[in-house]
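Remarks on the overall topology
So the chains spell out like this:
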Amino acid sequence: MRGMSIGHTLLGLLESGPRHGYDLKRAFDDKFGHDRPLHYGQVYATMSRLLKNGLVEVDAVESGAGPERKRYAITEAGITDVAAWLATPEKPEPYLQSTLYTKVVLALLTGRDAGDLLDTQRAEHLRLMRALTARKRQGDLADQLICDHALFHLEADLRWLELTAARLGALGKAVGA
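This text gives an overview of the structure that appears in the document. (Residues numbered from 1 in each chain as written. Predicted model: local features only at pLDDT ≥ 70, side-chain atom pairs only at ≥ 80, totals over all residues. Heavy atoms only, no water.)

A few points about the pairing of strand E3 (residues 69-74)
Summarising the sheet, strand E1 (residues 19-20) and E3 pair through 2 bridges and their orientation is antiparallel. Across the sheet, the residue bridging to His 20 is Arg 71, located in E3. Note: strand E2 (residues 56-62) against E3, 6 bridges, orientation antiparallel. Across the sheet, residue Ala 60 finds its bridge partner in E3, namely Arg 71. Two successive antiparallel strands, E2 and E3, enclose a turn made up of 6 residues. (Pairing = 2+ DSSP bridges. Helix = DSSP H or I, 4+ residues; strand = E, 2+ residues; numbered from the N terminus.)

Shown next as structure tokens:
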């Protein structure tokens with residue numbers, strides 16, 4: 001959920017109609033939280049911030065045996081905010097500060113075997129790709145699409161691992177190892 005805006009996602013879910021925090025959490029987890037479900041505290045803290053900013057309003061308060069339950073509704077300002085967020089393209093991640101690249105260079109500088117490091121990383125990428133492929137086969141369309149997204153990124157990483165392995169000698173000379 002690194003780039004995902006929890007607030008905008010909850011606002012988008014409210015566009016279909018007012019909901020309680022509990023219902024928002026369930027809808028979020030069902031649609032987006034397969035790997036990282038939201039905590040209730042995160043939902044209520046986000047809703048409190050959205051309320052303070054005028055993007056939602058309390059539609060109803062229900063009393064029962066337990067604590068009062070607030071039902072939230074999106075405001076016009078909230079709808080406008082979601083529309084603007086959806087229309088704004090995400091910044092592509094260029095990965096110019098790669099931890100893996102740093103490890104390769106440090107391995108070379110310290111006399112360790114960078115080839116072993118790359119082999120270990122390749123094996124980890126392949127393990128994860130197998131797991132994602134199995135998940136994709138068993139999943140619904142949403143799961144298939146999110147797995148494809150991850151698999152394409154892992155494939156690009158594998159190409160980089162192969163290219164770097166082929167250039168280790170030159171990289172060692174370039175970094176002064």
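Picking up where we left off.
Concerning the sheet that holds E1
An order of E1-E3-E2 is seen for the 3 strands of this open sheet, with the pairing classed as antiparallel. In this open sheet, the two strands that pair with only one neighbour each are E1 and E2. Lying over the sheet, helix H1 (residues 6-14) contacts E1, E2 and E3, oriented at roughly 85 degrees with respect to E3. (Contact = heavy atoms within 4.5 Å. Axes fitted to C-alpha atoms, helices over the stretch in contact; angles between N-to-C directions.)

Concerning the packing of helix H5 (residues 99-109) against helix H7 (residues 141-166)
Look at H5 against H7: their axes get within 12 Å of each other, and the N-to-C directions meet at 15 degrees. On the basis of the axis angle, H5 is roughly parallel to H7. Seen from above, H5 lies across H7 with right-handed handedness. Contacts between H5 and H7 pair Leu 100, Tyr 101 and Val 104 from the former with Trp 160, Leu 161 and Thr 164 from the latter. Taken together, the residues of the contact of H5 with H7 sort by class into 5 nonpolar, 1 polar and no charged. (Parallel < 35°, antiparallel > 145°, perpendicular 65-115°, else oblique. Left-handed = near helix turned anticlockwise from the far one by under 90°. Nonpolar A, V, L, I, M, F, W, Y, C, P; charged D, E, K, R; others polar.)

Topic: H7
Helix length check: H7 (26 residues) gives 37 Å between terminal C-alpha atoms against 38 Å at 1.5 Å per residue, within 8%. Among the residues making up H7, those that are buried are Asp 143, Cys 147, Asp 148, Leu 151, Leu 154, Leu 158, Leu 161 and Thr 164. The inward-facing, buried residues of H7 abut H5, helix H6 (114-138) and helix H8 (168-175). (Expected span 1.5 Å × (residues − 1). Buried < 20%, exposed > 50% of the residue type's maximum accessible area, 1.4 Å probe, protein only.)

Comments concerning the nonpolar core
Counting residues in hydrophobic clusters, the biggest one holds 17 residues, and the most contacted among them are Leu 10, Leu 11, Leu 14, Met 47 and Val 56. Within the residue set of this core, elements represented by two or more residues are H1, helix H2 (21-31), helix H3 (40-52) and E3. If one sorts the elements of this core by residue count, H1 sits on top with 5 residues. Ignoring anything within four residues of it in the chain, the contact list for Val 56 reads Leu 11, Leu 14, Met 47, Leu 50, Leu 51, Tyr 72, Ala 73, Ile 74 and Thr 75. (Core = buried A, V, L, I, M, F, W, Y, C linked by side-chain atoms within 4.5 Å.)

A short note on the packing of aromatic side chains
Going through the model one piece at a time under the given rule, you end up with 2 aromatic pairs. Relative to Tyr 40, the ring of Tyr 22 lies with its centre 6.0 Å away and its plane at 5 degrees, an arrangement referred to as stacked. Note that Tyr 22 is positioned in helix H2 and Tyr 40 in helix H3, a separation of 18 residues in sequence. Overall, the relative accessible area of 37% leaves Tyr 22 in the partly exposed class. Centre to centre, the rings of Phe 28 and Phe 32 are 5.7 Å apart; their planes meet at 55 degrees, and the pair counts as tilted. Here Lys 25 stacks its cationic end above the ring of Tyr 40, 5.1 Å away from the centre of that ring. (Phe/Tyr/Trp six-rings, centres within 6.5 Å; stacked < 30°, edge-to-face > 60°. Lys NZ or Arg CZ within 6 Å of the ring centre and 35° of its normal.)

Just distances and angles here, no functional claims.
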